[in-house]
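Observations on the model geometry
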Amino acid sequence: MSEEELRLVTGTIFNIQHYCIHDGPGIRTNVFVKGCPLRCLWCANPESQSSAPQIMYRRDKCTGCFNCVSACPTQAISTTEDGKVVTDRTKCTGCGACVNSCPSEARVLSGKQVSAGEVFDEVAEDELFYGDDGGITVTGGEPLAQPKFTTALLELCRNAGIPTAIETSGFCSWDTAKSVFSLCDTVLYDCKQMNSELHQRYTGQGNERILENLRKINQELSCDIVVRVPVIPCYNAEEENIWNIAAFVSEEISRCRQIDLLAYHNLGESKSEQLEKDSEGFFSSVPSEEYMENLRNIVRSYGLLCK
């Protein structure tokens, strides 16, 4: 594609964060792409799972004016006996009419369609801060769920000399993954659970394709690889799982020299409430620093760096 054609490719994102320091080397601009094939019970960004724009409802800001009820063209919003409002998500189209009618900003639209050129222009404004190591990180959601948009954005950045990184679950066909990863200097690759049956139970998909794609990155591409593990007590935080991940990386992913262990936080719970989703059945807790250090030492015992 020509640069003009690349700029016109569209996708749906839900956020752009500037001056980030935890998602790749140096100072980075993170672009959050909407849509994900996994349904991790602990998802920190549940608004990223659907590829469509969604309404976030912040009950604590609602004044009960009910403007949203009359504004909704699909009659998805109704009142409850206790004077609150509730949204029928099967009827909601994410049009944003209720957002525009809300004087207290209790309703926010998460997700908008943009062009790769628009996003690139915003990323390029931060180039002064990148130095030798910083750049763009495309995350989500799952960037591979919108491969045409992600590819166009990464290629625009590559052409401009901006270092590129992607944060991914790796769940897609290898042909799609290869086309995207070949444009990345760094791949931040999630490994959640080495037991495929448990992986299926907790994320909705087995891990076979994920692990095989990681092997192929190691064998066929030249990008840096950093494996990342969300540490979720009661789900994947047991020592055995960390031993198994560290052993797999050490034995089969020779170009990966670093595993990042990411302690669970509960920020996603409030977002699930804003999406009016029922999270009943999921419970975890923030692991202690002592426990996290114990897991880091397991990783380090394989000669790998660990944060």
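Let me sum up the structure you'll find in this document. Here the structure is a predicted model, which means the values were calculated and not measured.

Conventions we followed
- As a convention, each chain's residues are numbered from 1 in the sequence order in which they are written.
- Since the coordinates come from a predicted model, pLDDT governs what is reported: local features require at least 70, and pairs of side-chain atoms require 80 or more to be given and counted, while whole-chain, interface and lining totals use all residues.
- Computation of side-chain values: all heavy atoms of the structure, hydrogens and water removed.
- Helix and strand labels come from DSSP, where a helix needs a run of H or I of at least four residues and a strand needs a run of E of at least two; each type is numbered from the N terminus.
- Think of it in three bands: with a 1.4 Å probe and only protein chains considered, a residue is buried below 20% of the maximum accessible area for its type, exposed above 50%, and partly exposed in between.
- Any two residues whose heavy atoms approach within 4.5 Å at even a single point are treated as in contact.
- Two rings belonging to Phe, Tyr or Trp (six-membered ring only in the last case) form a pair when the distance between their centres is within 6.5 Å. Interplanar angles under 30 degrees mark stacking, angles over 60 mark edge-to-face geometry, and anything in between is tilted.
- Only when the NZ atom of a Lys or the CZ atom of an Arg is both within 6 Å of the ring centre and within 35 degrees of the ring normal do we say a charge sits over the ring.
- In this text, buried Ala, Val, Leu, Ile, Met, Phe, Trp, Tyr and Cys residues form a nonpolar core when linked through side-chain atoms within 4.5 Å.
- A strand pair is defined by DSSP finding two or more bridges across the two strands.
- Geometry is summarised by axes, namely lines fitted to C-alpha atoms with helices restricted to the contacting stretch, and by angles between N-to-C directions that run from 0 to 180 degrees.
- Oblique is the label for any angle not under 35 degrees, not over 145, and not in the 65 to 115 range, which are roughly parallel, roughly antiparallel and roughly perpendicular in turn.
- The sense of a crossing depends on the near helix, which, turned anticlockwise from the far helix by less than a right angle, makes the crossing left-handed and, turned clockwise, makes it right-handed.

Turning our attention to the side chain of Thr 203. Position of Thr 203 among the secondary structure elements: in helix α8 (residues 196-203). Given a relative accessible area of 1%, Thr 203 falls into the buried group. What Thr 203 contacts, discounting residues up to four positions off in sequence, is Leu 38, Arg 39, Cys 40, Trp 42 and Lys 192.

Once that is clear, we can look at the environment of Leu 275. One can find Leu 275 in the loop between α11 (267-274) and α12 (289-300). Those residues in contact with Leu 275 that lie beyond four places of it in its chain are Pro 46, Glu 47, Gln 54, Ile 55, Met 56 and Arg 89.

Applying the stated criterion across every chain yields a total of 8 aromatic pairs. With 5.0 Å between their ring centres and 80° between their planes, Tyr 19 and Phe 129 make a pair best called edge-to-face. Taken together, the residues Tyr 19 in strand β1 (residues 10-20) and Phe 129 in helix α5 (residues 127-130) connect sequence positions 110 residues apart. Among the residues examined, Phe 129 registers a relative accessible area of 41% and is labelled partly exposed. When the centroid spacing of 6.1 Å and the interplanar angle of 70° are considered together, the rings of Tyr 264 and Phe 282 count as edge-to-face. One end of the pair, Tyr 264, is in the loop between β12 (256-263) and α11; the other, Phe 282, is in the loop between α11 and α12, with 18 residues separating them in the sequence. Relative accessible area serves as the criterion here: at 16%, Phe 282 is assigned to the buried category. Put simply, the rings of Trp 42, Tyr 202, Tyr 235, Tyr 264 and Phe 282 pair up and form one aromatic cluster. It is Arg 107 that lies over the ring of Tyr 57; its NZ or CZ is 4.7 Å from the centre. Taking NZ or CZ as reference, Arg 209 lies 5.2 Å from the ring centre of Phe 171, over its face.

Time to look at the nonpolar core. Membership of the largest hydrophobic core comes to 71 residues, with the highest contact counts inside it found for Leu 153, Phe 181, Val 227 and Leu 261. Top contributing element to this core by residue count: helix α6 (residues 147-159), with 6 residues. Residues within four places of Val 227 in sequence aside, it is in contact with Tyr 189, Cys 191, Leu 214, Ile 245, Val 249, Cys 256, Gln 258, Ile 259 and Asp 260. Counting 10 residues, the second-largest nonpolar core is a separate cluster that includes Cys 68, Cys 72, Ile 77 and Cys 98.

The next thing to look at is the sheet that holds β12. Spatially, the 9 strands line up as an open sheet ordered β7-β1-β2-β8-β9-β10-β11-β12-β13, and their pairing is mixed. Every interior strand has two partners, whereas the edge strands, β7 (112-115) and β13 (305-306), have only one. Where strand β8 (residues 135-140) lies against strand β9 (residues 164-168), 3 bridges are found, and the strand directions are parallel. The partner of Val 138 across the bridge, within β9, is Ile 166.

This paragraph deals with the pairing of β1. Two faces belong to every sheet, and in a regular strand the side chains alternate between them. Both β1 and β7 contribute to a ladder of 4 bridges, which runs antiparallel. The residue bridging Thr 12 from the neighbouring strand is Gln 113, located in β7. Inspection of the sheet shows β1 paired to strand β2 (residues 28-33) by 5 bridges, in the antiparallel sense. Within β2, the residue paired with Ile 16 across the bridge is Val 31.

Moving on, we come to the packing of helix α10 (residues 239-252) against α12. When two helices pack together, their arrangement is given by the angle between the helix axes and by the axis-to-axis distance. Their axes nearest at 9 Å, the elements α10 and α12 cross at an angle of 30°. For the element pair α10 / α12, the angle class is roughly parallel. Classified by chirality, the crossing of α12 by α10 is right-handed. Across from Glu 239, Ile 242, Trp 243 and Ala 246 in α10, the residues of α12 making contact are Tyr 291, Asn 294, Leu 295, Ile 298 and Val 299.

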